[in-house]
Amino acid sequence: MPHVISAAIIGISAEPITVETDVSQGMGCFNVVGLPDTGVKEARERIKSAIRNSNFEFPRHRVIVNLAPADIRKQGPMYDVPIAVSLLAARGFVRADILTTTVMIGELALDGSLRPVNGVLTAALMAAKRGYKAIVVPADNAQEAAVVPNLVVLAAASLRQIVSHLDGIENIVPTITDETIAERTFPIDFCDIKGQMHAKRGLEIAAAGAHNVLLKGPPGTGKTLLARAIPSILPPLTREESLEATSIASVAGVLSRGEGLINVRPFRSPHHSCSAVSLVGGGAWPRPGEVSLAHRGVLFLDELPEFSRHVLEHLRQPLEDGEVTVSRAAATLRFPSRFLLLAAMNPCPCGFATDPRRPCVCSAKSISLYRKRISGPLLDRFDLVIEVPNLDTATLVSDIPAEASSEIRARVETARRLQSDRFAGTALFTNSEIPTSRIKDWCRADEGGKKLLEQALNAQALSPRGYGRVLKVARTIADLAGEEAIRDVHIAEALQYRLSEK
Ligand SMILES: Nc1ncnc2c1ncn2[C@@H]1O[C@H](COP(=O)(O)OP(=O)(O)OP(=O)(O)O)[C@@H](O)[C@H]1O
Ligand SMILES: [Mg+2]
Ligand SMILES: [Zn+2]
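Bear in mind that the values here come from a model prediction, so they are computed numbers and not experimental data. (Residues numbered from 1 in each chain as written. Chains lettered and ligands numbered in written order. Predicted model: local features only at pLDDT ≥ 70, side-chain atom pairs only at ≥ 80, totals over all residues. Heavy atoms only, no water.)

1. Things to note about the overall build of the chain
Going by this rule: Helix and strand labels come from DSSP, where a helix needs a run of H or I of at least four residues and a strand needs a run of E of at least two; each type is numbered from the N terminus. The buried label applies to any residue whose accessible area, calculated with a 1.4 Å probe on protein chains only, is under 20% of its type's maximum; exposed applies above 50%, and partly exposed to all values in between. We call two residues in contact whenever any of their non-hydrogen atoms come within 4.5 Å of each other. Using a 1.4 Å probe, accessible areas were evaluated by the Shrake-Rupley method; residue-level cover was limited to the displayed protein chains. His residues and chain termini do not enter the charge count, which takes Lys and Arg as positive and Asp and Glu as negative. Just so you know, the charge point we use is NZ for Lys, CZ for Arg, CG for Asp and CD for Glu.
Within the chain, the secondary structure is distributed over 20 helices and 18 strands. Dimensions of the chain, computed from the C-alpha atoms along their principal axes, are close to 85 × 50 × 45 Å. Within the chain, the fraction of its 502 residues that count as buried is 51%. Put simply, 73% of the contacts in the chain that link residues at least 6 apart link residues at least 24 apart. When the accessible surface of the chain is totalled, it reaches about 22,600 Å², and 53% of it is carbon and sulfur. Averaged over its 58 positive side-chain charges, the chain has a centre that lies 5 Å from the centre of its 55 negative ones.

2. Brief notes about the pattern of salt bridges
Using the following cut-off: Think of a salt bridge as a Lys or Arg side-chain nitrogen and an Asp or Glu carboxyl oxygen that are within 4 Å of each other.
Counted by the stated rule, this structure contains 25 salt bridges. In this structure, the salt-bridge partner of Arg46 is Asp80, at a minimum N-O distance of 2.6 Å. Separated by 34 residues along the polypeptide, Arg46 in helix 1 (residues 37–53) and Asp80 in helix 2 (residues 80–90) bring together distant segments of the chain. Residues Arg46 and Asp80 agree in their burial class; the two are buried. A cluster of three or more residues bridged by salt bridges with shared partners is formed by Arg201, Glu204, Glu403, Arg411 and Glu493.

3. Looking at helix 6 (residues 197–209)
Heads up, the rule is: Multiply 1.5 Å by the residue count of a helix minus one, and that product is the helix's expected span.
Between its terminal C-alpha atoms helix 6 stretches 19 Å, which fits the 18 Å expected from 13 residues at 1.5 Å a residue. Across the 13 residues that make up helix 6, a large majority, 10, are buried. Of all the residues in helix 6, the buried ones are Ala199, Lys200, Gly202, Leu203, Glu204, Ile205, Ala206, Ala207, Ala208 and Gly209. Count one or two residues on from helix 6 and you reach Ala210, which has phi positive near 55 degrees.

4. Some thoughts on helix 5 (residues 159–166)
Given 3.6 residues per helical turn, the α-helix brings residues three or four places apart onto the same face. Extensive coverage of helix 5 is indicated by the burial of six of its eight residues. Burial in helix 5 covers these residues: Leu159, Ile162, Val163, Ser164, His165 and Leu166.

5. A few points about the site of ligand 1
What counts is decided by this rule: Distances are taken per atom, and a residue is near a molecule or strand as soon as one of its heavy atoms is within 4 Å of it. For this analysis, a polar contact is any N or O atom pair within 3.5 Å, provided that within protein one partner can donate a hydrogen and the other can accept it, and provided that sequence-adjacent residues contribute only side-chain to side-chain pairs.
The environment of ligand 1 is made up of 15 residues, and the closest members are Lys194, Gly220, Lys223, Thr224 and Leu225. Contact between ligand 1 and Gly222: an oxygen atom at 3.0 Å from a main-chain N or O atom of the residue. Taking Asn346, its side chain carries an N or O atom lying 2.9 Å from an oxygen atom of ligand 1. For ligand 1, whose free accessible area comes to 640 Å², the fraction covered by protein is 66%.

6. Let's talk about the sheet that holds strand 10 (residues 213–216)
Convention followed: Pairing between strands is defined by DSSP: at least two bridges between them are needed. In this analysis an axis means a line fitted to C-alpha atoms, helices contributing only their contacting stretch, and an angle means the value between N-to-C directions, from 0 to 180 degrees.
Pairing in this open sheet of five strands is parallel, and the strands run 11-14-17-10-18 from one edge to the other. Whereas interior strands pair on both sides, the edge strands pair on one side only; in this sheet they are strand 11 (267–268) and strand 18 (384–387). As paired strands, strand 10 and strand 17 (residues 340–345) are joined by four bridges and run parallel to one another. In the strand pairing of strand 17, Leu214 is matched with Ala343. In the packing of helix 6 onto the sheet, contacts are made with strand 10, strand 17 and strand 18, and the angle to strand 18 comes to roughly 160 degrees.

7. Concerning the domain arrangement of the chain
Where we set the bar: Each domain's extent was defined by an automatic or database domain assignment. Defined here as a combined quantity, buried area equals the accessible surface (1.4 Å probe) lost by two parts on assembly, summed across both. Three classes are used: nonpolar for Ala, Val, Leu, Ile, Met, Phe, Trp, Tyr, Cys and Pro, charged for Asp, Glu, Lys and Arg, and polar for all others, with Gly counted as polar.
Structurally, the chain comprises domain 1 (3–166) and domain 2 (190–401). For domain 1 versus domain 2, the distance between C-alpha centres works out to 40 Å. Taken together, the contact between domain 1 and domain 2 spans 20 residues of the former and 21 residues of the latter. Taken over both partners, the interface formed by domain 1 and domain 2 buries close to 1,700 Å², and the fraction arising from carbon and sulfur atoms is 66%. Here domain 1 and domain 2 share zero salt bridges between them. For the side of domain 1 that touches domain 2, the secondary structure elements donating two or more residues are strand 1 (3–10), helix 3 (120–129) and helix 4 (142–146). Among the elements that make up the side of domain 1 that touches domain 2, the one with the highest residue count is helix 3 (four residues). Tallied by class, the residues present in the side of domain 1 that touches domain 2 amount to 10 nonpolar, six polar and four charged.

8. With respect to the coordination of the zinc ion (ligand 3)
To keep things clear, this is the line we draw: Each metal's donors are the N, O and S atoms within 2.8 Å of it, or within 3.2 Å when it is Na, K or Ca, and because water is not part of the set, sites may look incomplete. Under this scheme a four-donor centre is tetrahedral when all angles range from 85 to 135 degrees, a four-donor centre is square planar and a six-donor centre octahedral when opposite donors are above 155 degrees with the rest from 65 to 115, and any other centre is irregular.
Protein ligation of the zinc ion (ligand 3) involves Cys348 (SG), Cys350 (SG), Cys360 (SG) and Cys362 (SG), the donor distances falling in the range 2.2 to 2.4 Å. The coordination sphere of the zinc ion (ligand 3) comprises four donor atoms, whose angles at the metal cover 103 to 113 degrees; the geometry is tetrahedral. For the zinc ion (ligand 3), all donor residues lie on one chain, and their spacing in sequence is C-x1-C-x9-C-x1-C. Here Cys362 lies in the loop between strand 17 and helix 13 (364–372) and Cys350 lies in the loop between strand 17 and helix 13, a separation of 12 residues in the sequence.

9. Remarks on the nonpolar core
Stated precisely, the cut-off is as follows: Buried Ala, Val, Leu, Ile, Met, Phe, Trp, Tyr and Cys residues form a nonpolar core when they are joined through side-chain atoms within 4.5 Å.
In this structure, Phe30, Ile51, Leu67, Ile83, Val85 and Ile135 are the most contacted members of the largest nonpolar core, which totals 65 residues. Tallying contributions element by element places helix 2 first for this core, with seven residues. Setting aside residues no more than four positions away along its own chain, Ile83 makes contact with Val19, Thr21, Phe30, Val32, Leu35, Ile47, Val65 and Leu67. Judged by nonpolar contacts, the second largest core, of 49 residues, contains Phe190, Ile193, Ile477 and Tyr497.

See the structure below:
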C-alpha cells in the first residue's frame, strides 16, 4: 500500500504523519480515520470534488484513509493534498516510488487548485531535519518553505500538476529562495518626532537592553507616536531569530501570502478590548497569541488602563518565563514569548493630572481607581517609566531636524554586540533577561555606584525587584557608553526612570 508523508503541527514544531489509503470491494463509502470529527466531513467533500474536477474518477468502492500515528492530533485542512494523492496512488494513477521521500501539505479547493495553509515553514524545517528530499506545498507558501536549506520545494498550483510531476510527465521547477533581502522600511522615523529628548533616550536604552517601558503623559504629547517609532531603532533580526519569528507567524496564519523570512522585528499592538486567549494564546486548537507573535520584537499596549485587569494578569507568566505553556490532554505545547513590553497611559482619566498648563478635573477617587486598574506586580515589570510632557511651542514650531533612527540604531547595535559577547554560551540575548541569581556577576556596580544605590534604596524604598531592575538598566546604560564598570552616573540615570515608583 503506498504511503504519503505529511506533517502535523504541534505548537511551533512538526512531526511526520503517514497517510495510507485502502480501496476495496464493497459498498461505496469514504472514511477518514485519525482526523478530528469536525474537520473530516468538509475534507471529504473537498477531496471528492477536487479529484473529480481534476478529471480523475472517484472510486465507487469502499475507501478507507488512515492518518497515523493516531495519537498525534492533526488539525486543519492541510491533509487534503496528501489524502487525495494517497487515494490516487492506491488506484495506480501515481507512481509510488518518490512518495516515500516527499512531504506533502495543502488544502484543496473544489476545482482541484491548491489553497495556502498555516505552518508550512515548520513542516519544511521538520522535513529537512528528518532527511526527506522534497516538500510539495501550495504555491502561495513556496517562499516560506524555500528558506529551509537542503530541501527541494515544489510549489503546486493544482492537484493535476502534482500528479503530472509525480508521474514524470511535467516536472515542477523547484522554488529557489528570494535571496535579495528586502530593505527594511519603517513607517515612523525618530527624525520626524520633535523634542522629547528624555523619552527618546529612554527608548534608546529600552531598545539596547530589551527593557520593558511605560510611557506616561497627558493626551496628544506623542506617546503613541514614540512607541510606533521604536522598531526603527531595534537591531535587525539574526537568522535564528528570524526563523523563530517566521515559524510563529506561519503557524498562526498571519504571514502575508508569498512572504519568505520576516526581516523586521515584530511590532504587535492588540486593541484594549482583546481577550486573554488572543493575548497569550490557547483555545481548543492552541494557537500562538499576541505575546508570541511579538516574540523577539515589541508588544505595545496603548491605553494600558483600558485593558481588562483580568486579561493583563495573563501577561505575568510569559513575561517571567519567556514562553507560554498550553496544557492539553495529548501534550503540553510551548510558544516562545520573549518580547519587549511597551505600554502607554495617561496619568488620570482626563489625562491632565501631570500637565502644568491644564487643570485636571478628576476626583481623587477616580484617579485612584484608574491607577488600580493595573496591578502592582505588572507595574513592577516595567524597567523604565518615561514621563512624556507637553512640548513647548518653540520646539514644536522649530525646523531643526532631530536625530535619525539610523544613528540611534547604530548605538543600540553596538550595545547589543557587547551583550552577545557577555552572554556567549548562555541562552540569554539581552540584559533584561539576566536572572536575579546572576545580577551579582554581570551587573557589578563600582564603589560610587554602590553608594548611590544604597542612598536611593534608603530614601526611596525600592522593591527588591525594582533594585535588580535598576542594576540591569544601569548595565545597559554603561553598555551604551561602552564601559565595563557600572558607575554612579549610570545608576543615577537608571534611577530617574523609576522615580515615579513612589
Ligand atoms: N514630538 C512631536 N513631534 C511631532 N509631532 C508630534 C509630537 N508629539 C505629538 N505630535 C503630533 O500629535 C499627534 C498626537 O500624538 P499621539 O497620538 O502620539 O499622542 P498621545 O500621547 O498618544 O496621546 P493620547 O494620550 O491621547 O493617546 C501625533 O500624531 C503627531 O502628529
Ligand atoms: Mg496615544
Ligand atoms: Zn485628570
